[in-house]
Amino acid sequence: MPYSQGDLILLKNPVKLPGGAELKHPVLIINSKRGGYEQYYTGVMMTGTPKNDRYSFKCENQMFTSPLGKESCEFRTYLIFGFNEDDISVLKNTMKKPHLIALINQIKDCIFNID
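The following refers to the structure shown. (Residues numbered from 1 in each chain as written. Predicted model: local features only at pLDDT ≥ 70, side-chain atom pairs only at ≥ 80, totals over all residues. Heavy atoms only, no water.)

1. Examining the overall build of the protein chain
Part 1 of the reasoning: Check the secondary structure of the protein chain and you find one helix and eight strands.
Part 2 of the reasoning: The C-alpha radius of gyration computed for the protein chain amounts to 14 Å, which stays within 12% of the reference 13 Å derived for 115 residues, consistent with globular compactness.
Part 3 of the reasoning: When its C-alpha atoms are laid out on the principal axes, the protein chain stretches across 35 × 35 × 25 Å.
Part 4 of the reasoning: By the burial criterion, 36% of the 115 residues in the protein chain qualify as buried.
Part 5 of the reasoning: Put simply, of all contacts in the protein chain between residues at least 6 apart along the chain, 65% involve residues at least 24 apart. (Helix = DSSP H or I, 4+ residues; strand = E, 2+ residues; numbered from the N terminus. Rg over C-alpha atoms; globule rule 2.2 N^0.38 Å. Buried < 20%, exposed > 50% of the residue type's maximum accessible area, 1.4 Å probe, protein only. Contact = heavy atoms within 4.5 Å.)

Below, the structure written as structure tokens:
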């Protein structure tokens, strides 16, 4: 099944960070342009732990096509990673376009706005 930009998915296996820690969080697909046969995606991690810093993007139910089922959620704009279609377990939700654009703009600002 092809997935789209804005889809909130779960991965079959947790994402492993360079230090070995595993992240068992939902992932929002921010780039679904796939080249060749590999069906490669880029995603950003969602968490229920509030940080409210410049690297977090607060989520609310109205930003998605259905309620999130959690009181407080944020995307960590610096936790970006790639995965293949075969790594995806299930589609959980979809973020509405205006909010997706705002998130992507915040990621760009976070990454490219160097002091």
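Now, onward.
2. A look at the state of the cysteines
Part 1 of the reasoning: Summed over the entire model, instances satisfying the criterion amount to zero disulfides.
Part 2 of the reasoning: With no disulfide of its own, Cys 59 lies 6.1 Å from the sulfur of Cys 73, the closest cysteine sulfur.
Part 3 of the reasoning: Unpaired in this structure, Cys 110 has its nearest cysteine sulfur neighbour in Cys 59, at a distance of 15 Å. (Disulfide = S-S within 2.5 Å.)

3. Quick look at the packing of aromatic side chains
Part 1 of the reasoning: Evaluation of the coordinates by the stated rule reveals four aromatic pairs.
Part 2 of the reasoning: Ring centres of Tyr 41 and Phe 83 lie 5.9 Å apart, and the angle between their planes is 20°; on these two criteria the pair is classed as stacked. Of this pair, Tyr 41 sits in strand β5 (residues 40-47) while Phe 83 sits in strand β7 (residues 73-84); the two residues are 42 residues apart in sequence, bridging distant segments of the chain. The same class applies to Tyr 41 and to Phe 83, which are both buried.
Part 3 of the reasoning: Ring plane angle 55° and centroid distance 6.4 Å describe the contact between Phe 81 and Phe 83, whose orientation is recorded as tilted. (Phe/Tyr/Trp six-rings, centres within 6.5 Å; stacked < 30°, edge-to-face > 60°.)

4. Points about the pattern of salt bridges
Part 1 of the reasoning: Counted under the stated rule, the structure contains one salt bridge.
Part 2 of the reasoning: A salt bridge links Glu 74 to Arg 76; its shortest N-O distance comes to 2.7 Å.
Part 3 of the reasoning: Taking the relative accessible area as the measure of exposure, Glu 74 reaches 2% and is therefore buried. (Salt bridge = Lys/Arg side-chain N within 4 Å of Asp/Glu carboxyl O.)

5. Regarding the nonpolar core
Part 1 of the reasoning: Leu 28, Val 44, Met 46, Phe 64, Phe 75, Met 95 and Leu 103 are the most contacted members of the largest nonpolar core, which totals 16 residues.
Part 2 of the reasoning: Of all the elements in the fold, those that place two or more residues in this core are β4 (27-31), β5, β6 (56-59), β7 and α1 (97-112).
Part 3 of the reasoning: Per-element tally for this core: the top contributor is α1, with four residues.
Part 4 of the reasoning: When sequence neighbours within four positions are dropped, the list of residues in contact with Leu 28 reads Gly 6, Asp 7, Leu 8, Thr 42, Gly 43, Val 44, Phe 75, Met 95, Leu 100 and Leu 103. (Core = buried A, V, L, I, M, F, W, Y, C linked by side-chain atoms within 4.5 Å.)

6. A look at a nonpolar patch on the surface
Part 1 of the reasoning: Taken together, the side chains of Ile 80, Ile 111 and Phe 112 define a hydrophobic patch exposed on the protein surface, amounting to about 300 Å² of accessible area.
Part 2 of the reasoning: Mapped onto the elements of the fold, Ile 80 is located in strand β7. (Patch = residues over 30% accessible without salt bridge, like charges linked within 9 Å, V, L, I, M, F, W, Y side chains within 5 Å. Areas by Shrake-Rupley, 256 points an atom, 1.4 Å probe, with all protein chains shown as cover.)

7. Remarks on the sheet that holds β6
The strands that make up a sheet are held in pairs by hydrogen bonds between backbone atoms, and each pair lies either parallel or antiparallel.
Part 1 of the reasoning: Read from one edge of the open sheet, six strands run β6-β7-β5-β4-β1-β8, paired in antiparallel fashion. For this open sheet the edge positions go to β6 and β8 (88-94), each flanked by a neighbour on one side alone. The average angle at which neighbouring strand axes cross in this sheet is 45°, direction not considered.
Part 2 of the reasoning: As defined by bridge partners, β5 adjoins β7 across seven bridges and the pair is classed as antiparallel. Bridge pairing links Met 46 to Phe 75 in β7.
Part 3 of the reasoning: Set on the sheet, α1 makes contact with β4, β5, β6 and β7; between it and β7 the angle comes to about 85°. (Pairing = 2+ DSSP bridges. Axes fitted to C-alpha atoms, helices over the stretch in contact; angles between N-to-C directions.)

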